[in-house]
Amino acid sequence: MRDILPADKARRERVLSVIRKRYRAHGFDEIETPVVEEYARLHAGIGGDNEKLAYNVLRRGLDADAIRAAADDPAALSDLGLRYDLTVPLARFYASNRAQLPAVFRSIQIGAVWRAERPQKGRYRQFVQCDIDIMGDDSSRAEAELMVASLDAVDALGLEGATVRINDRRVLDWMLESFGFAADERPGVLITIDKLDKIGPDGVAAELRERAATPGAVDAFEAFLRRPQTREYLPYGEAQIRKALPADAPDEIVDHLVGIGEAVAVGRASEATDAAGIPLVFDPFLVRGMGYYTGTIFELAHPSVSYSLGGGGRYDGMIGRFLGQQVPAVGFSLGFERLVDLVTAGADDREEAIVLVHDADVPVAELLAHKTALIAEGARVRLERRTKNLKALLERASADGFTSFATVSAGAASLERKPLA
């Protein structure tokens, strides 16, 4: 967990402001949920490995004897926990407030989440997530809306050229079944397949054999990975999808994926872009670890980095666990902490901010009069008493985001603004 210094905080808020503005432009409405949820909800078996990283809140009123008696039962010790993502709270929110929401609800949810990660570079125990979700729409339009809005937000941050890797959990399940993997071993097989980019086909095949997966299925999968392939470029569409899969992939799923691409192409088209240039790439081995995904899954990629900048998927079964009836839902989460590290604020993004460096004898009334006049013009203003080391004072102000300064003497009628280097 980190302290955020003023300049970093200002940069983070600028990035959040851009994201909020673009998401609202696409028709999404912001909501807020509590930072704590019921223990049983956070540990309902739908959060994958994140459930193991949840911070739990000790029940109030437990004495030492009660704690010792319940030491082996976390549910008896805790009734609440800090949220480890924003999707589980959103499902509970929708189930609780459905009567006050439209039939198709488009939400923005931005807030801190907590996971007991092992401390290491780039892994935080408290971090911000930026989510948009659509509930009540089971068509490919929902996925397309999420992708278009998220790509628009990333473009607005100056990170043009992003693409979305896309797959479908139903494709993965069908593919593993076609190779001969039994249903009960497929979750473990997916964990290994998710490492394909890191350990390659040899490593995946070796690990599957170590897992004692069905030998014939492992052989069939390895042969598929090593099949001869032509190198012609295929844009996103039916040809690209079918080429990446074993023969006879289900038409219904392929059509759903193709429909998403067609909708995204229209949503991204403008006078400066070709409608046929769809910023999607089908990846049959994209897995994503969350156990609640039921259909389409996707990740945001950018050519400047090797890691993803966000992702999401369809989770049609989650809300029904809280509501008692099924509601289709799909969401996209931007990796805010990663985006902040990549975004560089241009000169146009910085607000006018002035430091008034004043002599010790300037009356307070005069200082506040100058400050009030500048604030009325829309500037941000800080008062600083002149020090012997003026250079250090101005360098500190520049690091804090101030753009100019003026010196103030007693009785001065006007101020001369000078830029901070």
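See the structure printed just above.
Summarised in this report is the structure supplied together with it.

What counts and how
- Residues numbered from 1 in each chain as written.
- Predicted model: local features only at pLDDT ≥ 70, side-chain atom pairs only at ≥ 80, totals over all residues.
- Heavy atoms only, no water.
- Helix = DSSP H or I, 4+ residues; strand = E, 2+ residues; numbered from the N terminus.
- Buried < 20%, exposed > 50% of the residue type's maximum accessible area, 1.4 Å probe, protein only.
- Pairing = 2+ DSSP bridges.
- Contact = heavy atoms within 4.5 Å.
- Axes fitted to C-alpha atoms, helices over the stretch in contact; angles between N-to-C directions.
- Polar contact = N/O pair within 3.5 Å; in protein donor to acceptor, adjacent residues only side chain to side chain.
- Patch = residues over 30% accessible without salt bridge, like charges linked within 9 Å, V, L, I, M, F, W, Y side chains within 5 Å.
- Areas by Shrake-Rupley, 256 points an atom, 1.4 Å probe, with all protein chains shown as cover.
- Salt bridge = Lys/Arg side-chain N within 4 Å of Asp/Glu carboxyl O.

### Re unusual backbone geometry
For Ala212, which is not glycine, the phi torsion reads 65 degrees and is therefore positive. Within the secondary structure layout, Ala212 lies in the loop between α9 (196–210) and α10 (215–225). Positioned with a positive phi, Asp248 is a non-glycine residue whose angle comes to about 70 degrees. Residue position: Asp248 is located in the loop between α11 (238–244) and α12 (251–268). Take Asp248: its relative accessible area is 71%, and that puts it in the exposed class.

### A closer look at the sheet that holds strand β8 (residues 280–282)
Strand order across the open sheet formed by eight strands is β1-β5-β6-β11-β10-β9-β7-β8, with mixed pairing between neighbours. Since the sheet does not close on itself, it has two edges, and those belong to β1 (29–30) and β8, each with one partner. Alignment of β1 against strand β5 (residues 105–114), held across two bridges, turns out to be parallel. In the strand pairing of β5, Asp29 is matched with Ser107. Contacts between α12 and the sheet are confined to β7 (163–168), β8 and β9 (296–301), with β7 contributing the most and set at about 160 degrees to the helix.

### Overview of helix α7 (residues 169–179)
When we look at burial in α7, the residues that qualify are Arg169, Val171, Leu172, Trp174, Met175, Leu176 and Phe179. Buried residues in α7 make contact with β7, α8 (186–193), α10, α12, β8 and β9. Looking at where α7 begins, the residue whose side-chain oxygen comes 2.8 Å from the main-chain nitrogen of Arg170 is Asp168. Just downstream of α7 lies Gly180, where phi reads positive at about 110 degrees.

### Regarding a nonpolar patch on the surface
Together, Val35, Val36, Val57 and Leu80 line one region of the surface with nonpolar side chains, adding up to about 230 Å² of accessible area. Looking at the secondary structure, you find Val57 in strand β3 (residues 56–58).

Shape descriptors only; they carry no functional weight alone.
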